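Each chain is listed here by its residues.
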Amino acid sequence: MRAPENRDGRGLPGFPTLANFGDDVMSTGYSNQATRIRMRIGDSWRDGQAFQDVRDPYRGDIVAQAPVSTPQDCEDALAAAYKAKKVMAAMPGFERAALLRRAADNVASRVDAIARAMTLESGKAIRDSMVEVQRSTDLLRLCAEEAVRIQGEHIPMDASAVGAGKIAMLMRYPVGVVAAITPFNGPVNLAAHKLGPALAAGNSFILKPSPKAPLSVHLFIEAILDAGVPDGAINTLYGDAIGPQMVSDSRVDFVSFTGSIPVGKIIRDTIGMKRVALELGGVGPTFVHHDADVIAAAKACARNAVSLSGQSCISVQNAYVHRQVHDQFVEALCREMDTIRFGDPMDMATDVGTLIDEAAALRVEGMITRAVDSGARLLRGYERKGAQLTGSILTNVSAQ
């Protein structure tokens, strides 16, 4: 989720560098005025009957108030998306492509504002937020390319005597209404990964972002809508309580969910015969063999362990190191961890900001404490201040 960089701070080829960011972004100044978010339903914006505060995990300030959608809000969004799916399906590919290009341009012109909102609500380092929003613009442009490449297949029929002399073709059509649920760790990029393909293929869309990071997604959706999206083609709902109603409704044709394994299982078990895409958590191990470039491996492991404060299913969590290089690897790992800068997420010099909230930091702190109590050796870390934890390295960890 973050761009690799050299130790002198220069970005690697293909990734933005700090010099690409405006002077206002490189400042740590920001506005504490809370933004009241509205739902997008059909052709209009709608205020909520109740709101949930969204707090800056570093400073504790309220940065936004997100609506808590009601069953009626959900019903209206479903009705609007169901009506709009015919409009989207009838839109020619070249028009969908042009729409997505305009949307990408709009997002690109608002990178600073969207990234700042993301950092304030999630504690993600501002440099990572900037890269995430810029990646999202690239994704929308790639989706624009795919909007004019949707094609079917010629299926051979002469594999049997009955089929000989016959022709079969596979045609592709929009699926209909796509319902999407996104998490807090990559709020804009993961919303783009669901919304872009849905629009490119001619579908209507309902999005429920995480209640912990709704502001950046709201600003992202505003930019998309300003590109001229048909009424009802994009709808937004907020609050966890509305999720079951949204995904189980018969008017929804496809569910896309990124989040935890337990919730993914619940969705899979309750939506019936709908098609579904589940991107769930994982704890894939990292192996460092005796013939590895130990220094490069240690640097990659240290950086990717704390990227996004470790709140990623693709982060380095457990490393298994060959005995021959174990001590050399551990020494290099600790050395690299000491160079990583933890601090104010709004400071451009910060490598790693906070976890999503103090409760998450306390949960991780508890894991570390239990590991040490069970015999693990703590080589680096940990120091917790509110929602922020410094990097921790443990060895002699039990497999249990």
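I will try to describe carefully the structure that is included in this document. On a predicted model such as this, the values are computed, not experimentally measured, just so you know.

Examining the overall build of the protein chain
- Secondary structure summary: the protein chain contains 12 helices and 18 strands in total.
- For the protein chain, the spread of C-alpha atoms along the three principal axes comes to 65 × 65 × 40 Å.
- When contacts within the protein chain are restricted to residue pairs at least 6 apart in sequence, those whose partners lie at least 24 apart make up 71%.
- Of the roughly 19,300 Å² that the protein chain leaves accessible, carbon and sulfur atoms contribute 53%.
- Counting 43 positive and 45 negative side-chain charges, the protein chain places the centres of these two groups 3 Å from one another.

Notes on the state of the cysteines
- Enumeration according to the criterion identifies zero disulfides in this entry.
- Sulfur of Cys-143: no disulfide; nearest cysteine sulfur belongs to Cys-313 and is 19 Å away.
- With no disulfide of its own, Cys-301 lies 12 Å from the sulfur of Cys-334, the closest cysteine sulfur.
- Classification of Cys-301 as buried rests on a relative accessible area of 7%.

A look at the side chain of Arg-251
- With respect to the secondary-structure elements, Arg-251 resides in the loop between helix H8 (243-248) and strand S11 (254-258).
- Among the polar contacts listed, one links the side chain of Arg-251 to the side chain of Glu-75, at a separation of 2.7 Å.
- Residue contacts for Arg-251: discarding those within four places in its chain leaves Glu-75, Leu-78, Ala-79, Tyr-82 and Val-177.

Here's the deal with the sheet that holds strand S4 (residues 51-55)
- Ordered by their spatial adjacency, three strands build an open sheet running S1-S5-S4, and the pairing between neighbours is mixed. Edge strands, defined here as strands with exactly one partner in the open sheet, are strand S1 (35-36) and S4.
- Here S1 runs beside strand S5 (residues 62-67); their pairing, made up of two bridges, is parallel. Across the sheet, Arg-36 pairs through a bridge with Gln-65, a residue of S5.

Looking at unusual backbone geometry
- Positioned with a positive phi, Leu-308 is a non-glycine residue whose angle comes to about 55°.
- With respect to the element layout, Leu-308 can be found in the loop between helix H10 (294-306) and strand S14 (319-321).
- A positive phi angle, near 60°, is found at Ser-309, a position not held by glycine.
- On the secondary structure map, Ser-309 appears in the loop between H10 and S14.

Procedures and definitions
- Residues numbered from 1 in each chain as written.
- Predicted model: local features only at pLDDT ≥ 70, side-chain atom pairs only at ≥ 80, totals over all residues.
- Heavy atoms only, no water.
- Helix = DSSP H or I, 4+ residues; strand = E, 2+ residues; numbered from the N terminus.
- Contact = heavy atoms within 4.5 Å.
- Areas by Shrake-Rupley, 256 points an atom, 1.4 Å probe, with all protein chains shown as cover.
- Lys, Arg positive; Asp, Glu negative; His and termini not counted.
- Charge placed at Lys NZ, Arg CZ, Asp CG, Glu CD.
- Disulfide = S-S within 2.5 Å.
- Buried < 20%, exposed > 50% of the residue type's maximum accessible area, 1.4 Å probe, protein only.
- Polar contact = N/O pair within 3.5 Å; in protein donor to acceptor, adjacent residues only side chain to side chain.
- Pairing = 2+ DSSP bridges.

The values reported here are purely geometric and, on their own, carry no functional implication.
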